[in-house]
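Each chain, written out:
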Amino acid sequence: MGAIAAGLSAVAALGSWKAAHRANKTSAQAQETGERAFQTAEAVARIERDRRHEERRPQFELRLESRAPQHSMLNVQLLGPDELGEVEIVSIRVDDDDKDRTGLIPGSTPRKDILNHVWGPLRFTPRVDNADAHGRAVGPEILRVGRGRPFQMEPTRPGHWMTGTTADQWQEGYQDHPVRLIITCRAGDEKWVLPRHLPQPRRRPPVGRGCTTETPANSVLLGWPSSGGEWRTSGRP
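Reading the values: the criteria
Residues take numbers from 1 onward in each chain, read along the sequence in its written order. Reporting of local features is limited, given that this is a predicted model, to residues whose pLDDT is at least 70; pairs of side-chain atoms are given and counted only at 80 or more, and all residues count toward the totals for whole chains, interfaces and linings. Calculated side-chain values reflect all of the structure's heavy atoms, with hydrogen atoms and water omitted. Starting at the N terminus, helices and strands are each numbered in turn, a helix being any DSSP run of H or I of at least four residues and a strand any DSSP run of E of at least two. Only protein chains enter the accessibility calculation, which uses a 1.4 Å probe; a residue whose area is less than 20% of its type maximum is buried, one above 50% is exposed, and one in between is partly exposed. Here a residue-residue contact requires only that any non-hydrogen atoms of the pair lie within 4.5 Å. A pair of strands is treated as paired once DSSP finds two or more bridges between them. Any N or O atom pair separated by 3.5 Å or less is treated as a polar contact, with the protein-specific requirement of one donor-capable and one acceptor-capable atom, and with residues adjacent in sequence counted only for side-chain atom pairs. Nine residue types can take part in a nonpolar core, namely buried Ala, Val, Leu, Ile, Met, Phe, Trp, Tyr and Cys, and a core is a set of them joined through side-chain atoms within 4.5 Å. Each residue carries a pLDDT score, the predictor's confidence in it, ranging from 0 to 100.

## Focus: the environment of isoleucine 92
Note on placement: isoleucine 92 falls in strand β3 (residues 86-94). Take isoleucine 92: its relative accessible area is 1%, and that puts it in the buried class. Between the C-alpha atoms of isoleucine 92 and phenylalanine 151, which are 59 residues apart in sequence, the distance is 9.9 Å. Here isoleucine 92 is in contact with Val76, Phe124, Arg136, Ala137, Val138, Phe151, Leu181, Ile182 and Ile183, once residues within four sequence places are set aside.

## Digging into the environment of lysine 99
Considering the arrangement of structural elements, one finds lysine 99 in the loop between β3 and α2 (111-116). Residues lysine 99 and tryptophan 119, spaced 20 residues apart in sequence, show a C-alpha to C-alpha distance of 8.9 Å.

## Remarks on the pairing of strand β2 (residues 71-80)
In this structure, strand β1 (residues 59-68) lies alongside β2, joined through nine bridges in antiparallel fashion. Note on β2: the bridge partner recorded for glutamate 61 is glutamine 77. Hairpin geometry of β1 and β2 is characterised by an intervening segment of two residues between the two adjacent antiparallel strands. As paired strands, β2 and strand β7 (residues 148-155) are joined by six bridges and run antiparallel to one another.

## With respect to the side chain of arginine 56
Position of arginine 56 relative to the elements: it lies in the loop between α1 (2-55) and β1. Within the local environment of arginine 56, its side chain forms a polar contact with the side chain of glutamate 190, the two groups lying 2.5 Å apart. Dropping the residues within four chain positions of it, arginine 56 is found in contact with Pro81, Glu83, Leu84, Glu190 and Trp192.

## Re the nonpolar core
Judged by nonpolar contacts, the single largest core of 27 residues is most densely connected at Phe60, Leu74, Val76, Ile92, Phe124, Met153 and Leu181. Secondary-structure elements contributing two or more residues to this core are β1, β2, β3, β4 (122-124), β7, β8 (179-187) and β9 (190-198). With six residues, the next largest nonpolar core counts Trp119, Met162, Trp170 and Tyr174 among its residues.

## Notes on the confidence of the model for the protein chain
Mean pLDDT over the protein chain stands at 81; residues scoring 70 or higher make up 75%. Confidence, expressed as mean pLDDT per element, reaches its minimum in the protein chain at strand β11 (residues 231-235) with 36 and its maximum at strand β5 (residues 137-138) with 98. Here residues 209-237 is a poorly scored stretch, pLDDT under 50, and it has 59 contacts once near neighbours within four places are set aside; other chains count.

## Quick notes on unusual backbone geometry
Note the cis peptide between glycine 80 and proline 81, where omega equals -5°. Summarising the element assignment, proline 81 is placed in the loop between β2 and β3. Backbone torsion omega between glycine 139 and proline 140 reads 5°, so that peptide bond is classified as cis. Here proline 140 lies in the loop between β5 and β6 (141-144). Positive phi outside glycine occurs at aspartate 129, with the angle close to 55°. Considering the arrangement of structural elements, one finds aspartate 129 in the loop between β4 and β5. Aspartate 129 sits in the partly exposed class, given a relative accessible area of 23%. Of note in this structure, asparagine 130 is not a glycine but carries a positive phi near 65°. Relative to the elements of secondary structure, asparagine 130 occurs in the loop between β4 and β5.

Okay, structure coming up:
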């Protein structure tokens, strides 16, 4: 009898172990399914957030016009979307060309002078229209939808350490280069960084040498994305 009872107890224990094992396996499978469902929901929510963020991306119209032999005007208008109401332009920054100058240390020129120098055709007029001392950036500014703001720009010059390089020689090196801008803006907790390239405006000759007061023929208008996501550019050839 004792042996039979021991056998039955062993069978019962084995059954209990198998039941517990099945329960643990089911629990693990349920947990794995739950984790996959959570990850899927998180991915869908992230895609929706990204879609809304792109949908709410500020639409700027940028027009760069020559106003005098040594001055141009960058007109920035906020076209939409209407639901934003207003946008804070944290900064509009003039970006450099593509050359790598990380190892450029000419003589005793301070490194900060090289970094502050604008390596491109135009810069903002220093200390005008809320520009910094180097003409690198302007801002902050608040723009309401449908309103704009002009910013004065001027041709860049060779750095003070570039002895022997004239202003004309410097500008000739950038005659076919675009003006590169980076607009950093935000609305509420959302932030956008928008790089833009604008063709240079045609320079006006000095007054008295056959120039007129008409808007230069190559003023360029950069609009907003089309339905296909492409940026439309229009202008007069």
